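Residues per chain, in single letters:
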Amino acid sequence: MSRQEQYDWLRLMWTRGLSFDLAKTLLSAIGLPEMIFSESYSALCQVVPESVARRLCMRIDPEIHERIETALLWVERNPEADLIVMTDSRYPRRLLSIPEPPLAFFTWGDTTYLTIPGVSLVGSTHPNQEGVDLARQWAHKLSESCAVLVEGMSEGIERVALQGMWKQAQAKAILVLDRPMALCDESVVRAMADRHLVVSLVGPYDEIDEPQRWEFRNRLLLGLCSSFVLVQASIRSRSLSFLREALDLNRNVMAIPGSIHSPLSKGSHRLIKDGARLVETIEEVLDEMRVS
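Participant: What's the story with the overall build of the chain in this structure? I'm lost.
Facilitator: Along the chain, the regular secondary structure elements total 13 helices and nine strands. By the compact-globule yardstick of 19 Å for 292 residues, the chain fits well, its C-alpha radius of gyration being 20 Å. Roughly 13,700 Å² of accessible area belongs to the chain as shown, and the carbon and sulfur atoms make up 49% of that amount. One finds the centroid of the 32 positive side-chain charges in the chain at a distance of 3 Å from the centroid of its 39 negative side-chain charges.

Participant: How should the sheet that holds strand β4 (residues 148-151) be read in this particular structure?
Facilitator: Pairing between the strands of a sheet is mediated by backbone hydrogen bonds and can be parallel or antiparallel. One open sheet accounts for nine strands, arranged β1-β2-β6-β5-β4-β3-β7-β8-β9; its pairing is mixed. Each edge of the open sheet carries a strand with a single partner, namely β1 (81-85) and β9 (277-278). Alignment of strand β3 (residues 118-122) against strand β7 (residues 225-230), held across five bridges, turns out to be parallel. Looking at the pairing, L121 lines up with V229 of β7.

Participant: Would you mind showing me how to read the nonpolar core here?
Facilitator: The nonpolar side chains of a soluble globular protein tend to be buried with one another. By size, the foremost hydrophobic cluster in this structure holds 103 residues, and its most contacted members are L121 and I174. The leading source of residues in this core is helix α7 (residues 129-142), at six residues. In this structure L121 touches A135, W138, A139, L142, L149, E151, I157, E158, A161, V229 and V231, once residues within four positions along its chain are discounted.

Participant: Just checking my understanding: could you explain the pairing of β4 for this structure?
Facilitator: The side chains of a regular strand alternate between both faces of the sheet. The alternating pattern of β4 places V148 and V150 and L149 and E151 on opposite faces, both of which are buried. Following the backbone out of β3, through α7 and into the adjacent parallel β4, one traces a crossover that is right-handed. With three bridges joining them, β4 and strand β5 (residues 173-176) adopt parallel strand pairing. Considered in β5, the bridge of V150 is made with I174.

Participant: What is the right way to look at the packing of aromatic side chains in this model?
Facilitator: Aromatic ring pairs: the centre-centre distance and the angle between the two ring planes describe each pair. Counted by the stated rule, this structure contains three aromatic pairs. A centroid spacing of 5.4 Å and a plane angle of 90 degrees characterise the contact between F228 and F242, whose relative ring orientation is edge-to-face. With a gap of 14 residues between them, F228 in strand β7 and F242 in helix α11 (residues 238-248) connect regions that are remote in the sequence. The same class applies to F228 as to F242, namely buried. One residue, R11, lies across the ring of F37, its end atom 4.0 Å from the ring centre. Over the ring of W166 we find R195, and its NZ or CZ is 4.5 Å from the ring centre.

Participant: I keep staring at helix α2 (residues 20-29) and nothing clicks. Help me out?
Facilitator: Side chains that are three or four residues apart share a direction in an α-helix, a result of its 3.6 residues per turn. The set of residues buried in α2 consists of F20, A23, L26 and L27. The arc that holds every buried residue of α2, seen down its axis, measures 125 degrees, which confines them to one face. Looking at α2, the residues exposed on the side facing more than 90 degrees away from the buried face are D21, S28 and A29. Where α2 is buried, its residues contact α1 (3-13), α3 (33-37), α4 (41-45) and α5 (50-57).

Participant: Explain the packing of α1 against helix α6 (residues 62-77) to me, please; I cannot follow it from the model alone.
Facilitator: At their nearest, the axes of α1 and α6 sit 10 Å apart, and the two run at 135 degrees to each other. As summarised for this structure, α1 and α6 are arranged oblique, according to the angle between their axes. Like other packed secondary-structure pairs, α1 and α6 cross with a definite hand, here right-handed. Facing α1, whose interface residues are R3, Q6, Y7, L10 and R11, α6 presents H65, I68, E69, A71, L72, L73 and E76.

Participant: Could you clarify how one ought to interpret the pattern of salt bridges in this entry?
Facilitator: Any two side chains of opposite charge can pair, so long as their charged atoms come close to each other. In total, this model carries 11 salt bridges according to the counting rule given. Between R217 and E158 there is a salt bridge, with the nearest N and O atoms lying 1.9 Å from each other. Here the residue R217 occupies a position in helix α10 (residues 210-224), and E158 occupies one in helix α8 (residues 157-165), the gap between them amounting to 59 residues. There is no split in this pair, since R217 and E158 are both buried. We note a salt bridge from R277 to E288, for which the minimum N-O separation is 3.2 Å. With R277 in strand β9 and E288 in helix α13 (residues 282-291), this residue pair connects regions lying 11 residues apart in the sequence. On the basis of relative accessibility, which here comes to 14%, the residue E288 falls in the buried class. Salt bridges sharing partners connect three or more residues here, namely R3, E69 and E76.

Cut-off values and rules
Residues numbered from 1 in each chain as written. Predicted model: local features only at pLDDT ≥ 70, side-chain atom pairs only at ≥ 80, totals over all residues. Heavy atoms only, no water. Helix = DSSP H or I, 4+ residues; strand = E, 2+ residues; numbered from the N terminus. Rg over C-alpha atoms; globule rule 2.2 N^0.38 Å. Areas by Shrake-Rupley, 256 points an atom, 1.4 Å probe, with all protein chains shown as cover. Lys, Arg positive; Asp, Glu negative; His and termini not counted. Charge placed at Lys NZ, Arg CZ, Asp CG, Glu CD. Pairing = 2+ DSSP bridges. Core = buried A, V, L, I, M, F, W, Y, C linked by side-chain atoms within 4.5 Å. Buried < 20%, exposed > 50% of the residue type's maximum accessible area, 1.4 Å probe, protein only. Contact = heavy atoms within 4.5 Å. Right-handed = clockwise from strand over helix to strand, strands pointing away. Phe/Tyr/Trp six-rings, centres within 6.5 Å; stacked < 30°, edge-to-face > 60°. Lys NZ or Arg CZ within 6 Å of the ring centre and 35° of its normal. Arc of directions from axis to C-beta. Axes fitted to C-alpha atoms, helices over the stretch in contact; angles between N-to-C directions. Parallel < 35°, antiparallel > 145°, perpendicular 65-115°, else oblique. Left-handed = near helix turned anticlockwise from the far one by under 90°. Salt bridge = Lys/Arg side-chain N within 4 Å of Asp/Glu carboxyl O.

None of this, on its own, says anything about what the molecule does.
What follows is the structure in structure tokens.
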């Protein structure tokens, strides 16, 4: 894909007020972004609301132009970085099943991992020692299988899971960033990109607020994973609402039970009542993944 084509995709993705459904309609009715931006106002109004058609016909906002140029320059400076758009054969079809799938996202590393079923260990940002041990051991075992371990950058279970798979030579992992790649801990991100894959919906230098970061992260996790395992969580954990959404999308959601007296077991028990599969061993997780 040429630089101009990448530019047009980012411009379309960052057009204010343009939902995924409207963008999909435009792409179906008119063609690729370059054709959309060269179309007349009257023709666009036949497809999208006038307010959106007007923005598509306007000269690009200087701030958006600068944002796009900065993102593309970062991609050019990093040979393993790329922009995956929805017409790309590498774009995961599972992403299309989530609400408001992205028109494009940034990658850094081995994009072949996008074609392999992903599993994510999620849970408390403050697990007890039992939770830490379980996450580390199960991530290590999952890394020996053919699955790709998909994790965010949250403290606790997610961070421990990444540590658990790290020393496995055959491990495959995707790190989902909830913040700009260029503004993260470069040593961690580069190490993951060198051996695995890093993905983000956020531009390399974008500044976004906490709610947006959580939303973007969850969209990618839901789109890249076929299976989730809740290790530990309190009843107030925001992981619960995220995993209920995964259940609604027919993802394979599992939860590890614990003591009825432990606050960190309450979330798993509630999720099991909501429809998650109870798992007690890594073998049960692997069996569930095989049939999902």
